[in-house]
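Topology and contacts: notes
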Amino acid sequence: MTPPLTRRDFLKGTTVVLFGASLGAGQDVPAAKKTRVVLVRHRDVLDDNSAVNPDILQGMLDEAVTRLLDESDPVKAFGKLVKPGETVGIKSNVWSYLPTPRELESAIQKRLVDAGVAADRIGIDDHTVASNPLFVNATSLINTRPLRTHYLAGMSGCIKNYIMFAPSQEALHPDSCADLGSVFKLPIVKDKTRLNILCALTPQFHGRGPHHFSRRYVWSYKGLIVGQDPVAVDTIGLRLIMAKRREVLGPDGEVDRKALGRRVFGKRGELDALERIVHPRMVERVREELVAEPGPAVLNAALLFRMGLDRLCGAVLCVRAPWWARLARAHQRDGLPLWQGLARIASQRGICPKLHGAGVDTYYIDNDRGVDALRERTLRLLREKRLEL
Amino acid sequence: MEDLGKLIPRTIGDWRASGNDQLYDPKTIYDYMDGGAEVYLAFDFRRLLARKYVGPEEREISLDIFDMGSPEEAYGILSCDREDPPAGIGQDSTYGFGLLRFRQGRYFVSVMAADEDERAGRAALEIGRVAAKALGPPGPAPDMVGLLPGEGLRPDRTSYFHANVSLNNRHFLASENILGLDRTTDCAFAEYDAGSGKPAYLLLIRYPGAEPAAAARRSFLSTYAPEADPEGLAPTENKTWVLAALRDRYLIIVLESPSRDRALELAASVAIPAK
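If you're wondering where the values come from, they're calculated on a predicted model, not measured in any experiment. (Residues numbered from 1 in each chain as written. Chains lettered and ligands numbered in written order. Predicted model: local features only at pLDDT ≥ 70, side-chain atom pairs only at ≥ 80, totals over all residues. Heavy atoms only, no water.)

Here we come to the sheet that holds strand S8 (residues 159-161) of chain B. Two strands in a sheet stick together by hydrogen bonds in their backbones, pointing the same way (parallel) or opposite ways (antiparallel). All names here are of chain B. Strand order in this open sheet of six strands is S8-S9-S10-S13-S12-S11, and the pairing throughout is antiparallel. Both outer strands of the open sheet, S8 and strand S11 (233-235), are each paired with one neighbouring strand and no more. Strand-to-strand twist of the sheet, defined as the mean angle between neighbouring strand axes without regard to direction, takes the value 15°. (Pairing = 2+ DSSP bridges. Helix = DSSP H or I, 4+ residues; strand = E, 2+ residues; numbered from the N terminus. Axes fitted to C-alpha atoms, helices over the stretch in contact; angles between N-to-C directions.)

A separate point is empty space enclosed by the protein. One pass over the structure, following the stated rule, counts four cavities of 30 Å³ or more. Approximately 110 Å³ is the volume found for the largest cavity. The wall of the largest cavity is formed by Tyr151, Gly209 and Pro210 of chain A together with Gly36, Val39, Tyr40, Ile77, Leu78, Cys80, Asp81, Arg101 and Phe108 of chain B. When contributions to the lining of the largest cavity are tallied by element, the ones reaching two or more residues are helix H2 (37-41) and helix H3 (71-79) of chain B. (1 Å grid on protein atoms, 1.4 Å probe; cavity = no way out; pocket = protein on both sides within 12 Å on 5 of 7 lines; lining within 4 Å. Points joined across faces, edges and corners; volume = space filled by probe spheres on them.)

Moving on, we come to the interface of chain B and chain A. Note: interface size is frequently given as the accessible area lost on complex formation between the parts. The interface is formed by 47 residues belonging to chain B together with 32 residues belonging to chain A. Taken over both partners, the interface formed by chain B and chain A buries close to 3,700 Å², and the fraction arising from carbon and sulfur atoms is 52%. Contact with chain A buries surface across chain B, with Asp34, Phe97 and Glu237 of chain B losing the most and accounting together for 18% of the total. The interface formed by chain B and chain A holds four salt bridges in total. Between Arg208 of chain A and Asp84 of chain B there is a salt bridge whose closest N-O contact spans 2.4 Å. Viewed at the interface, chain A and chain B are joined by 11 residue pairs in polar contact (both at pLDDT 80 or more). Secondary-structure elements contributing two or more residues to the side of chain B that touches chain A are H2, strand S4 (60-67), strand S5 (91-96), strand S6 (99-104), strand S7 (107-113), helix H6 (164-170) and helix H7 (210-224) of chain B. A class-by-class count of the residues in the side of chain B that touches chain A yields 21 nonpolar, 11 polar and 15 charged. (Contact = heavy atoms within 4.5 Å. Buried area = accessible area lost by both parts, 1.4 Å probe. Salt bridge = Lys/Arg side-chain N within 4 Å of Asp/Glu carboxyl O. Polar contact = N/O pair within 3.5 Å; in protein donor to acceptor, adjacent residues only side chain to side chain. Nonpolar A, V, L, I, M, F, W, Y, C, P; charged D, E, K, R; others polar.)

A separate point is the environment of Ile252 of chain B. Residue and element names in this part refer to chain B. With respect to the element layout, Ile252 can be found in strand S13 (residues 250-257). When the C-alpha positions of Ile252 and Ala213 are compared, they lie 9.7 Å apart, and in sequence the two are 39 residues distant. Not counting the four nearest positions on each side in its chain, Ile252 is found in contact with Leu202, Leu203, Leu204, Leu243, Ala244, Ala245, Arg247, Ala267 and Val270.

Here the focus is helix H3 (residues 54-68) of chain A. All names here are of chain A. With 15 residues, H3 should cover 21 Å at 1.5 Å per step; its first-to-last C-alpha distance of 21 Å lies within 8% of that length. Of the positions making up H3, those classed as buried are Ile56, Leu57, Gln58, Met60, Leu61, Asp62, Ala64, Val65, Thr66 and Leu68. Lining the buried residues of H3 we find strand S1 (37-41), helix H4 (74-81), helix H5 (102-114), strand S6 (193-204) and strand S7 (223-227). With a side-chain oxygen lying 3.1 Å from the backbone nitrogen of Asp55, the N-terminal cap of H3 falls on Asn53. Taken from the residues just after H3, Asp70 is the one with a positive phi, measuring 55°. (Expected span 1.5 Å × (residues − 1). Buried < 20%, exposed > 50% of the residue type's maximum accessible area, 1.4 Å probe, protein only.)

Turning to the layout of surface pockets, a few remarks are in order. Empty space within the second largest pocket amounts to approximately 630 Å³. If you trace the second largest pocket, you find 29 residues lining it, with His127 and Met164 of chain A together with Tyr30, Asp31 and Asp34 of chain B closest to the centre. Of the residues that constitute the lining of the second largest pocket, the class distribution is 12 nonpolar, eight polar and nine charged.

Turning to the packing of H4 of chain A against H5 of chain A, a few remarks are in order. Residues and elements named next belong to chain A. Running from amino to carboxyl end, H4 crosses H5 at an angle of 80°, the nearest separation of the two axes being 8 Å. Taken together, the axis directions place H4 and H5 in an arrangement best described as roughly perpendicular. Residue-level inspection shows Pro74, Val75 and Phe78 of H4 in contact with H5, the latter providing Ile108, Arg111, Leu112 and Asp114. The class makeup of the residues in the contact of H4 with H5 is five nonpolar, no polar and two charged. (Parallel < 35°, antiparallel > 145°, perpendicular 65-115°, else oblique.)

Moving on, we come to the nonpolar core. The biggest cluster of nonpolar side chains holds 45 residues, and the ones touching the most others in it are Tyr40, Phe66, Met68, Leu179, Leu203, Phe220 and Leu255 of chain B. Residue assignment for this core shows that the elements contributing at least two residues are H2, strand S3 (47-54), H3, strand S9 (186-192), strand S10 (200-206), H7, strand S12 (241-247) and S13 of chain B. Among the elements that take part in this core, H7 of chain B stands out by supplying five residues, more than any other. When we break this core down by domain, the ones giving at least three residues each are domain 1 (2-134) and domain 2 (143-268) of chain B. Val65, Leu68, Leu195 and Val226 of chain A belong to the second largest nonpolar core, which has 33 residues in total. (Core = buried A, V, L, I, M, F, W, Y, C linked by side-chain atoms within 4.5 Å. Domains from an automatic or database assignment.)

Right, let's get into the environment of Pro99 of chain A. All names here are of chain A. Within the fold, Pro99 resides in the loop between strand S2 (88-91) and H5. The exposure class assigned to Pro99 is partly exposed, which follows from its relative accessible area of 38%. Measuring from C-alpha to C-alpha, the distance between Pro99 and Leu312 comes to 45 Å, with 213 residues separating the pair along the chain. Those residues in contact with Pro99, other than ones at most four positions away along the chain, are Asn93, Val94 and Pro146.

To continue, consider the confidence of the model for chain B. Taken residue by residue, chain B gives an average pLDDT of 92. The fraction at 70 or more is 99%. Interface scoring of the predicted complex returns ipTM 0.77; its pTM is 0.72. (pLDDT = per-residue confidence, 0-100.)

Here we come to the confidence of the model for chain A. For chain A, the mean per-residue pLDDT works out to 85, and 89% of the residues sit at or above 70. Within the model, pLDDT remains below 50 along residues 14-29 of chain A, and this stretch shows 10 contacts once partners closer than five positions in the same chain are excluded.

Right, let's talk about the pattern of salt bridges for a bit. It is possible for side chains bearing opposite charge to pair when their charged atoms get close. A complete count under the given rule lists 37 salt bridges over all chains for this structure. Salt-bridge contacts for Arg8 of chain A lead to Glu237 of chain B; the nearest nitrogen and oxygen are separated by 2.8 Å. Of this pair, Arg8 of chain A sits in helix H1 (residues 7-12) while Glu237 of chain B sits in the loop between S11 and S12, placing the two residues on different chains. For Arg8 of chain A, a relative accessible area of 2% corresponds to the buried category. A single salt-bridge network, built from bridges that share partners, covers Asp62, Lys110, Arg111 and Asp114 of chain A.

Take a look at the structure:
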């Protein structure tokens, strides 16, 4: 019996050995057969509102399938997958927050008809596939769904998409849905899947709340991942999600501030969107703190004026530094290359007003000679202006 | 739950309820939640009232009210997935990025604006405030939480649950249920500031009797820390310590402790009630 995998196995780095042992124990394992997975992306498949361009998506599907099957013509390629006279079920996904796009279903349907399958013998379904007569009688299946994370399984891909064929979905949920692969042995499914299309137009890389969804964690990747082996297709999808998580989230699932900075600084639209979300909350939090702890308080905020926090202050000390010093510090402290440092400086333009604010006394301190000089200048100003800390 | 729906206005500010309220029970919750249902079924989930509000630009806010059977169970489901700052609505509320969560009495409430922006966020908070008023008086936290040592405890990272699925979602321990957790076990899982920047963890489990608690300790040590000394202490690969200590029907497990002494100190500080 294989011992359970524990957290300590990951710490020891023996996970691969354990998995290998569990797969190989007492069996003659045949050499793995190579399989092909095609990833196609197109920058114009989504517009600014994430609406799908159906013609471009059709082209992406055609390119993926022709490359997958070494054909020059998409209709011939689909002709290798299905034959006229067949009954074909398209197992889609209707999850309300991130369903399979209708444009993708239509693109698949069109090529099946082009390949000679009668339109009335093509079905598209999700929740009722197990009892849908067309799927029960299907001779071929096309498996398609969006790529996303999943609360229990970790990821939802082409393997997870077939859970609706199972007599009991609950029975497949224990141990992080480890037994999902068994669905592919059910008679309604076995040996019928001709193509797996993992929709990565707007994948979801993290989830939260009861529905495990927030549009914050969806990004425009504009891709399709296509193959005949669902394990291989999902593996590519999983790598994509993991790469995105590494880029945006830290090791504990918290926001990686450096990665967030790389993403928004120098990109006005992204920065505006971020500030619209976090600034009102930050101002509210500061108000609460001031009420909870009455008395003199210091707010250390680079974007004090932009956030409107100056309205809560009795006086403002504006600390300035020449651009070259800020560039050097950004490099030293955050490891930013020259171009990213310049982009950050550009995005911070106007955070320290050149004219005194109408509602608050504003004083300027130059910070061009290091921490000791800054401290001395600050204390001197506080004494001169009789400001209380 | 139907009556509860009548107590919550169908129009709140610019936002109107869309369609009829939907009700789900432990058998039908799968129809509504993809992937998360097990997490609720691992508690004493009874019924769910789901309502959608539609506002300006056809934006949508989901109001989900879960009847968890008791205030302790409502605390449990809330405590297993909280990461945002307090919102001051109902009990133990958290709000971040368009998602408000709180408990009130035996109810756990989630209000979510999928397309978050400032306006939708404000509306989600207002819907939550209105709903909280309809849910009756507040309720207590589980007694297990009160047994945890207070010093260094991070209350916002403390959770209460029963089942292995909840433990592994919170802190993966093993691919199998090596602690024998089920609906008969009560667990409190807490994070403690360890001074090293990384937290130490304390898992306190109450079993129905002393024998299953002892069996669980044996199972844990043989699987997770076979090299442990007679006290149940062992160093781990990331230069921290693990401890499994038994006190009557309580099993105390300390994970990722920065030192042997800190592990023993944490375990000794658990306020196990006298028989």
